[in-house]
Amino acid sequence: MRALCWNGVNDLRVETVPDPEIVNPHDVILRVTLSTTCGSDLHFIDGYLPTMKAGDIIGHEFMGVVEDVGRDVKKVKKGDRVVVPSFIVCGNCWYCEHNLYSLCDNTNPKPEYQQVAFGQPTAGIYGYTHAFGGYAGAHAQYVRVPYADNDCFLVPEGLRDEQVIFLSDAAPTGYMGAEFCDIQPGATIAVWGAGGVGMMATRSAYLMGAERVIVVDRFPERLAMARKFVGAETVDYSQVESVVDTLREMTGGRGPDACIDAVGMEAHGTGPGHAYDRAKQALHLHSDRGQALREAILSCRKGGTLSVLGVYGLMDKFPLGAIINKGLTLRTAQQHGQKYVPRLLEHVVKGELDPSFLATHRFPLEDSPRGYEIFKKKEDGCVRAVFTA
Amino acid sequence: MRMSRTEALRDFDLQEAPSQEAPPSGRWSQAASALLAGTLVSLGLRRRSLGGTVVALASGALLYKGIQSRRHTPPLPARARGHAPPSDEASRAHATEVERTLTVGRPAEVLYRLWREPDTLGRIMGHFADVKSMSADDWHWKLHGPLGRELEWDSRVVEERAPEFLRWEAAANSTLASQGWVRFRPAPGNWGTEVTLHLSFSPPGGAFAEAVMKRLRGIPALQTVKALRRFKSLAETGEIPTLHHNPTARASAD
């Protein structure tokens, strides 16, 4: 089959690779119909996230049609059109039983990396480094989906692929981030990052009863989309002297009740903080630029909640003192998608959520390196590039 | 600074009781080496030159070392071992052993029964050894050893207290004196069972032993905990996560 492979830093190529096979009894093979770029892919494409191997197939946000079914698969049938969350989960361990799906104990074939880096290993992800299992990704014609009965969600009739694809990752991640904020009536939520996750978090916050959602970014076309498609108020941080001051003034001097970081380790910023991060990253003294997270911490009202969805490695100069002294609650996780996908599908069917506007660019799989290029450089107003296999 | 691991192994003396964990300075240096390695890997990978590749590879090795040396080597009281005759004591002084625990969400009875099934050990140890069940109490172990020699031995169950404890030992005439035990203890709340796996190896003296130890030293902590993880996945889900047949654009699947 054909698949998009990582061959080194900033070196993506579509290559011919072996087809996947049913290996374990709960596997299915999916014929991928649509897959999409994710900002978190840029971290290893740019070389900031280690444990990729040359030849790895990338891609973790996808949907498709079931082509072949393992002998112990009970619910999923050949021909089912399904969407699959990015984290592979067993559905049986303590973590899965407690809806903490991305912490699944049984799906990472290479637990040794995270055992050392994080103390305990988390679940595996498709196409996302060997620390997350080394599984082949989904920018391919076919992909093996383990534990299919837990990980495949049947797409209701009448929905287009573009309406559903983002329920694989961006939508559940954003929804979870909004849920972390424990939104009360009248709440104001600030969201850093007007990408797929940030816009899904914004829409989700409104669905949960937020009165105002303020999105912080610097790309005018993304801010315009956030206003148009998810009803956000917006702050262009490149046009204001201080995001913290701006948000404080917008909220009567209190600060937002909760702040969602949907940016992560490659945050762009302005001023000395960004220069410091960029210099250290360039010298490989650390891997993360944390401007967005620092602003979120300083902006949040006292006693408020920080919801961190961006992907980080090891960050220093972290203003923990502000968290402690302001009594902030820090909530984070990689997406527990299996908990949210059924609820999100209901929202889509009812017309309350339509993430299809995120798919600004569409390419055949053969042109996916070009798709990543314009996605990375945010050319031509690109929010997400989607690929058809 | 802590000794390099090769030195540490060479000097490992059964009569001494080394500390259970690496001293803080050692742990920091390991964490630092892993961190540095991660940085160097990305630095190396960013330079698409031979030099860059070397940096990446070298730092990959450093990362591996950082990972590997996190194992702890608990003391093995010589007198408690029992399986090695006293006359062998001097020549079998270079022991390596490890003990790791993992919580599995099933009752001890179920886990004990699974452990005793003929193909279970072969499946969970498959990442570093071929283990074949010869009879209910006898296993044949095969490690692909150094110097083109395969390292094989037979082991037999010598102590059994179902469903709590099982201990096995290599036959007295084996090249490699080895023993292992597994213990199943109830975990608090609804967590299931705490499973502890203990493995120890002490090869004969001589150059071959040195080579064997080099081979074995990659096994202990991470391989032991990986065997437990594989056992856990088998017990909780009926399968073990794998990259078998995993499509890639390189020769290997993993």
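Conventions adopted
- Residues numbered from 1 in each chain as written.
- Chains lettered and ligands numbered in written order.
- Predicted model: local features only at pLDDT ≥ 70, side-chain atom pairs only at ≥ 80, totals over all residues.
- UniProt positions renumbered as here; feature names shortened; annotations may be inferred.
- Helix = DSSP H or I, 4+ residues; strand = E, 2+ residues; numbered from the N terminus.
- Buried ≥ 20, exposed ≤ 12 C-beta atoms within 10 Å, placed from the backbone.
- Contact = placed C-beta atoms within 7 Å.
- Rg over C-alpha atoms; globule rule 2.2 N^0.38 Å.
- Pairing = 2+ DSSP bridges.
- Axes fitted to C-alpha atoms, helices over the stretch in contact; angles between N-to-C directions.
- Expected span 1.5 Å × (residues − 1).
- Core = buried A, V, L, I, M, F, W, Y, C linked by C-beta atoms within 7 Å.
- Domains from an automatic or database assignment.
- Nonpolar A, V, L, I, M, F, W, Y, C, P; charged D, E, K, R; others polar.
- pLDDT = per-residue confidence, 0-100.

The name that an unreviewed UniProt entry assigns to chain A is Glutathione-dependent formaldehyde dehydrogenase, with the source organism given as Corallococcus sicarius. According to its UniProt record, chain A has this under Sequence similarities (unreviewed entry): "Belongs to the zinc-containing alcohol dehydrogenase family." Taken from UniProt, the Cofactor (unreviewed entry) comment for chain A reads in full: "Zn(2+)".

Asks: Looking at this model, I keep getting lost on the overall build of chain B. Mind explaining?
Replies: Looking only at helices and strands, chain B has eight helices and seven strands in total. Across the 254 residues of chain B, 35% fall into the buried class. Restricting to contacts in chain B with at least 6 residues of sequence separation, those with at least 24 account for 56%.

Asks: What should I look at first to understand the overall build of chain A in this one?
Replies: Regarding its fold elements, chain A presents 14 helices and 18 strands. Expected size for 389 residues packed as a compact globule is a radius of gyration near 21 Å; at 20 Å, chain A falls within 12% of this value. Projected onto its principal axes, the C-alpha positions of chain A cover 60 × 50 × 45 Å. When each of the 389 residues of chain A is scored for burial, the buried share is 57%. Summarising the internal contacts of chain A: among those between residues at least 6 apart in sequence, 72% fall at separations of at least 24.

Asks: Could you clarify how one ought to interpret the sheet that holds strand β1 (residues 2–6) of chain A in this entry?
Replies: Whenever strands of a sheet pair, they do so through backbone hydrogen bonds, lying parallel or antiparallel. Residue and element names in this part refer to chain A. Here three strands make up an open sheet; going across it, the order is β2-β1-β4 and the pairing antiparallel. At either end of the open sheet lies a strand with only one pairing partner, and these are β2 (12–16) and β4 (56–57). Inspection of the sheet shows β1 paired to β2 by five bridges, in the antiparallel sense. Note that in β2 the partner of Cys-5 across the bridge is Arg-13. Together, β1 and β2 form the strand contacts of helix α14 (residues 368–377), whose direction differs from that of β2 by roughly 160°.

Asks: It is not clear to me how unusual backbone geometry should be interpreted in this structure. Could you clarify?
Replies: Of all residues except glycine, most have a negative phi; of all peptide bonds, most are trans. A cis amide bond, omega -5°, links Ala-162 of chain B with the succeeding residue Pro-163 of chain B. With respect to the secondary-structure elements, Pro-163 of chain B resides in the loop between β4 (150–161) and β5 (165–170). One non-glycine residue, Asp-380 of chain A, lies in the positive phi region at around 55°. For Asp-380 of chain A, the position within the fold is in the loop between α14 and β18 (384–388).

Asks: Please explain helix α7 (residues 196–207) of chain A as it appears in this structure.
Replies: Each turn of an α-helix holds 3.6 residues, which means side chains three or four residues apart point in the same direction. All names here are of chain A. When the terminal C-alpha atoms of α7 are compared, their 17 Å separation across twelve residues agrees well with the 16 Å that a helix rising 1.5 Å per residue should span. The buried fraction of α7 is high, at ten of twelve residues. All of the buried residues along α7 are Gly-196, Val-197, Gly-198, Met-199, Met-200, Ala-201, Thr-202, Arg-203, Ser-204 and Ala-205. Structurally, α7 contributes buried residues whose contacts are with α6 (170–180), β11 (188–192), β12 (212–217), α8 (220–230), β14 (258–261) and β18. Phi turns positive, to about 105°, at Gly-209, one or two residues after α7.

Asks: Would you mind going over the nonpolar core with me for this structure?
Replies: Residues Ala-140, Val-143, Ile-189, Val-191 and Ile-260 of chain A are the most contacted members of the largest nonpolar core, which totals 128 residues. For this core, the element with the highest residue contribution is α6 of chain A, accounting for six residues. Here this core spans two domains, since at least three of its residues come from each of domain 1 (2–169 + 336–388) and domain 2 (170–332) of chain A. Non-local contacts of Val-143 of chain A, meaning those with residues more than four positions away in its chain, are made with Pro-20, Leu-30, Val-32, Phe-62, Tyr-126, Ala-136 and Ala-138 of chain A. Listed in part, the 31 residues of the second largest apolar core include Leu-166, Val-182, Val-225 and Leu-228 of chain B.

Asks: Would you mind showing me how to read the UniProt feature "domain: Alcohol dehydrogenase-like N-terminal" (unreviewed entry) in chain A here?
Replies: What UniProt calls "domain: Alcohol dehydrogenase-like N-terminal" (unreviewed entry) maps, in this numbering, to residues 25–155 of chain A. In the segment residues 25–155 of chain A, helix accounts for 16% and strand for 25%; the C-alpha atoms at its two ends are 23 Å apart.

Asks: Any chance you could explain the UniProt feature "domain: Alcohol dehydrogenase-like C-terminal" (unreviewed entry) in chain A here in plain terms?
Replies: In the numbering adopted here, UniProt assigns the feature "domain: Alcohol dehydrogenase-like C-terminal" (unreviewed entry) to residues 196–265 of chain A. As annotated, residues 196–265 of chain A comprises 44% helix and 20% strand, and the C-alpha atoms at either end are separated by 16 Å.

Asks: How do you make sense of the pairing of β5 of chain B when you look at a structure like this?
Replies: The side chains of a regular strand alternate, first on one face of the sheet and then on the other. Residues and elements named next belong to chain B. As defined by bridge partners, β4 adjoins β5 across six bridges and the pair is classed as antiparallel. In the strand pairing of β5, Arg-161 is matched with Phe-165. Where β4 folds back on β5, the antiparallel hairpin that results is connected by three residues. Looking at chain direction, β5 and strand β6 (residues 177–186) are connected through five bridges and run antiparallel. Its bridge partner lying in β6, Phe-165 is registered against Arg-183. The hairpin turn running from β5 into β6, its antiparallel successor, is six residues long.

Asks: Please clarify how the environment of Ala-117 of chain A should be interpreted in this entry.
Replies: For Ala-117 of chain A, the position within the fold is in helix α3 (residues 111–118). When the C-alpha atoms of Ala-117 of chain A and Leu-314 of chain A are compared, they prove to be 9.7 Å apart, with 197 residues separating the residues in sequence.

Asks: What exactly am I supposed to notice about the sheet that holds β14 of chain A here?
Replies: Residue and element names in this part refer to chain A. One open sheet holds the six strands; their spatial order is β13-β12-β11-β14-β15-β16, and the pairing between them is parallel. On the outer flanks of this sheet lie β13 (233–236) and β16 (329–332), each paired with one strand and no other. Across this sheet, the average inter-strand angle for adjacent strands is 20°, counted without regard to direction.

Asks: How do you make sense of the interface of chain B and chain A when you look at a structure like this?
Replies: Quoted interface sizes are often the accessible area lost when the parts come together. Opposite the 36 residues of chain B that make contact, chain A presents 43 residues. Those elements giving two or more residues to the side of chain B that touches chain A turn out to be α2 (24–46), α3 (50–68) and α8 (220–237) of chain B. Sorting elements by how many residues they give to the side of chain B that touches chain A places α2 of chain B first, with nine residues. Along the lines of polarity and charge, the residues of the side of chain B that touches chain A split into 13 nonpolar, 13 polar and ten charged.

Asks: Would you mind going over the confidence of the model for chain B with me for this structure?
Replies: Interpretation of this model should avoid reading the predicted coordinates in detail wherever pLDDT is low. Residues and elements named next belong to chain B. On average, residues of chain B carry a pLDDT of 70, and 55% of them reach 70 or more. Mean pLDDT across the elements of chain B ranges from a minimum in helix α1 (residues 5–10), with 33, to a maximum in helix α5 (residues 108–116), with 98. Two summary scores accompany this predicted model of the complex, namely pTM at 0.83 and ipTM at 0.92.

Asks: Can you walk me through the environment of Gly-198 of chain A in this structure?
Replies: Checked against the element boundaries, Gly-198 of chain A lands in helix α7. Sequence separation of Gly-198 of chain A and Thr-173 of chain A is 25 residues, and the distance between their C-alpha atoms is 9.0 Å.

Asks: Which parts of the structure should I look at to understand the domain arrangement of chain A?
Replies: All names here are of chain A. Considered domain by domain, chain A is made up of domain 1 (2–169 + 336–388) and domain 2 (170–332). In this structure, domain 1 and domain 2 have C-alpha centres spaced 25 Å apart. At the interface, 27 residues of domain 1 touch 23 residues of domain 2. For the side of domain 1 that touches domain 2, the secondary structure elements donating two or more residues are α1 (41–45) and α13 (337–349).

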